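Residue-level structure breakdown
So the chains spell out like this:
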Amino acid sequence: MDQAPGSLSAHDRASRNLQLTGDGQLRHFITLDGLDRVMLTDILDTADSFIEVGERTIKKVPLLRGRTVVNLFFESSTRTRSTFELAAKRLSADVLNLDINTSATSKGESLSDTLLNLEAMASDMFVVRHSQSGAPHFIAESVTPGVAIINAGDGRHAHPTQAMLDMLTIRQNKHRFEGLKVAVVGDILHSRVARSQIRALQTLGAEEVRLIAPGTLLPADVDSLGCTVEYDMRKGMADLDVVIMLRLQKERMEGALLPSEREFYRLYGLDTEKLALAKPDCIVMHPGPINRGVEIESAVADGPQSVILSQVTNGIAIRMAVMSMAMSGQVAERAGRSRQQGGEQ
Ligand code: CP
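Now for a quick tour of the structure. (Residues numbered from 1 in each chain as written. Predicted model: local features only at pLDDT ≥ 70, side-chain atom pairs only at ≥ 80, totals over all residues. Heavy atoms only, no water.)

Some remarks on the nonpolar core
The biggest cluster of nonpolar side chains holds 92 residues, and the ones touching the most others in it are Phe29, Ile43, Leu211, Val243, Leu270, Ile318 and Met323. When residues in this core are grouped by element, the largest group, 11 residues, is from helix H12 (residues 308-344). (Core = buried A, V, L, I, M, F, W, Y, C linked by side-chain atoms within 4.5 Å. Buried < 20%, exposed > 50% of the residue type's maximum accessible area, 1.4 Å probe, protein only. Helix = DSSP H or I, 4+ residues; strand = E, 2+ residues; numbered from the N terminus.)

Here it is as structure tokens:
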């Protein structure tokens, strides 16, 4: 799916225009919609170059020296928040982690006012996680020029850095995307991760993205996603190169969508018996947090085919890549504006 900008849907064109500078550099990272294979490959290649930094004794490069990155997490997080913080520090940025529970948000301050105040402190980048789909997009549309917005997960909409660290992990293990059969299993209905993974896999050229779930955990628009759908997990495991398990997102479920967790595990939990139905070198992935005995057996999560902890490690390199690329795009855009203003005088 390597479309020329002119052939994109109106939605993808708008996403592209918001996220890219006039000459095609990243300036915000909100969604994978509208980003082509060249851009996603550039992010993966840049992340590859940062992996070595994490293996040094002194894990620092000066790319964001003097820049201020604000982590704004309106929802709980372990992996994403920690790896964004580590990534920003490895790029030598100053990092502010705003504690939403003790911030003025708890006194009723609006998101817009919180941001205006943080912008007044000369922040250069906001990393935003929010329960409302679209919150990072809204911020990117209204933020002062020169400030980059990075989406760390919004509602059910998107989690683009998670999808990209997953792609980096797949590329490390499989060395290609063409010809791969990849399944995403479980609570696809509520998963921002699944939406971004599907987009990334299709853009990068995976042969098949297979969704395995009960009908109650699939979105109403599943037919428009360009994936194959399988309701029987034992059948769905056939020929898989990669299986990505998802957590049951109980915090987003309205009403009873499952008979019981025990029944879900029996039918859709990844255990050693079901994993044996995939290709022998099939890798097992999970964005975390994992719920052992609900969607995955411990023997599988900790087993030789699992790359779950590599995903976490790769999160730092991907976030370093996205942050450095977005800041570089913002700087180039600002220089272009200054030149234009100089020429107009
Ligand atoms: N995968 C992921 O987003 O995990 P956290 O919620 O811990 O950040």
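Focus on the layout of surface pockets
Considered as a void within the structure, the largest pocket measures approximately 400 Å³ in volume. As for the largest pocket, its lining consists of 20 residues, and the residues nearest its centre are Arg129, Arg192, Arg247, Gly288 and Pro289. Elements supplying a minimum of two residues to the lining of the largest pocket: helix H3 (79-90) and helix H7 (192-204). Residues that form the lining of the largest pocket fall into these classes: four nonpolar, nine polar and seven charged. Approximately 260 Å³ is the volume attributed to the second largest pocket. Every residue lining the second largest pocket is counted, 15 residues in all, and those nearest its centre are Asp33, His157, Arg195, Arg199 and Leu225. Looking at the lining of the second largest pocket, the elements that each hand over two or more residues are helix H1 (10-19) and H7. Looking at the lining of the second largest pocket residue by residue, the class counts come to four nonpolar, seven polar and four charged. (1 Å grid on protein atoms, 1.4 Å probe; cavity = no way out; pocket = protein on both sides within 12 Å on 5 of 7 lines; lining within 4 Å. Points joined across faces, edges and corners; volume = space filled by probe spheres on them. Nonpolar A, V, L, I, M, F, W, Y, C, P; charged D, E, K, R; others polar.)

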